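# Residue-level structural notes
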Amino acid sequence: FYTSLDAVIQQEKAFRVTLCVYPMIVMLRLFKSFAAQPRLAMVTETMKEAYQDLLHFSLVFIGVTVCLCMNAMLLFGQNLSEFATFPRAMHSCFRMMFGDWDWEAMEGVRRWTAMIWFWLFMLLIVIILLNMLLAIIMDNYMNVKQRSSGAV
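In this text the structure is predicted, and so the values were computed from the model without any measurement.

### Quick notes on the nonpolar core
In terms of nonpolar packing, the biggest core is built from 22 residues, with Phe-76, Phe-83, Met-96, Met-106, Trp-117, Phe-121 and Ile-125 touching the most fellow members. At the level of secondary structure, the elements contributing two or more residues to this core comprise α3 (38–76), α4 (86–97) and α6 (111–147). Setting aside residues no more than four positions away along its own chain, Phe-83 makes contact with Ala-72, Met-73, Phe-76, Gly-77, Ala-89, Ser-92, Cys-93, Met-96 and Met-106.

Dropping the structure here:
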């Protein structure tokens, strides 16, 4: 009985994952329909134009993020469950990018090391790289907007 029940549960999970594909297809069709309206087309055109820059930026961003997450795992992983494994460290660093961190726990492990790592993370990821991402998108948006200045 339990093996049959487990098989049904696994099929239901696979079915739910398959159902996630449909909204994505609807979203892509919505983006395709943006081309009919000039102002909405600026969104998709910006992403098309920024594709090359975003690809190169993502290589740098992923490299820096993986390095800092690995450092966090090595520095804090023995003492903090948030950094115990690499996926947990990635998740914790992702949350830190948006302002959600537990400074007291990090400070309790190694105060100076935590302070240096934390400020390095904030400087490189939050201040420099996320602002570079915004600059890439805005620069390409301004180029697209300038080309389509006749859009009503």
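### Structural notes on the packing of aromatic side chains
Counting across every chain of the model gives 11 aromatic pairs. Both rings, one in Trp-117 and one in Phe-121, keep their centres 5.3 Å apart while their planes meet at 20°; by these two values the pair is stacked. Taken together, the residues Trp-117 and Phe-121, both in helix α6 and four residues apart, mark about one turn of the helix. Geometrically, the ring pair formed by Phe-118 and Trp-119 is edge-to-face, given 5.9 Å between the ring centres and 80° between the ring planes. Members of the aromatic cluster, joined through ring pairs, are Phe-76, Phe-83, Trp-117 and Phe-121.

### Here we look at the packing of α3 against α6
The geometry of α3 relative to α6 is characterised by a closest axis approach of 8 Å and an angle of 175° between their N-to-C directions. On the basis of their axis angle, the class for α3 and α6 is roughly antiparallel. Of the residues that constitute the contact of α3 with α6, the class distribution is 25 nonpolar, six polar and five charged.

About the cut-offs
Residues numbered from 1 in each chain as written. Predicted model: local features only at pLDDT ≥ 70, side-chain atom pairs only at ≥ 80, totals over all residues. Heavy atoms only, no water. Core = buried A, V, L, I, M, F, W, Y, C linked by side-chain atoms within 4.5 Å. Buried < 20%, exposed > 50% of the residue type's maximum accessible area, 1.4 Å probe, protein only. Helix = DSSP H or I, 4+ residues; strand = E, 2+ residues; numbered from the N terminus. Contact = heavy atoms within 4.5 Å. Phe/Tyr/Trp six-rings, centres within 6.5 Å; stacked < 30°, edge-to-face > 60°. Axes fitted to C-alpha atoms, helices over the stretch in contact; angles between N-to-C directions. Parallel < 35°, antiparallel > 145°, perpendicular 65-115°, else oblique. Nonpolar A, V, L, I, M, F, W, Y, C, P; charged D, E, K, R; others polar.

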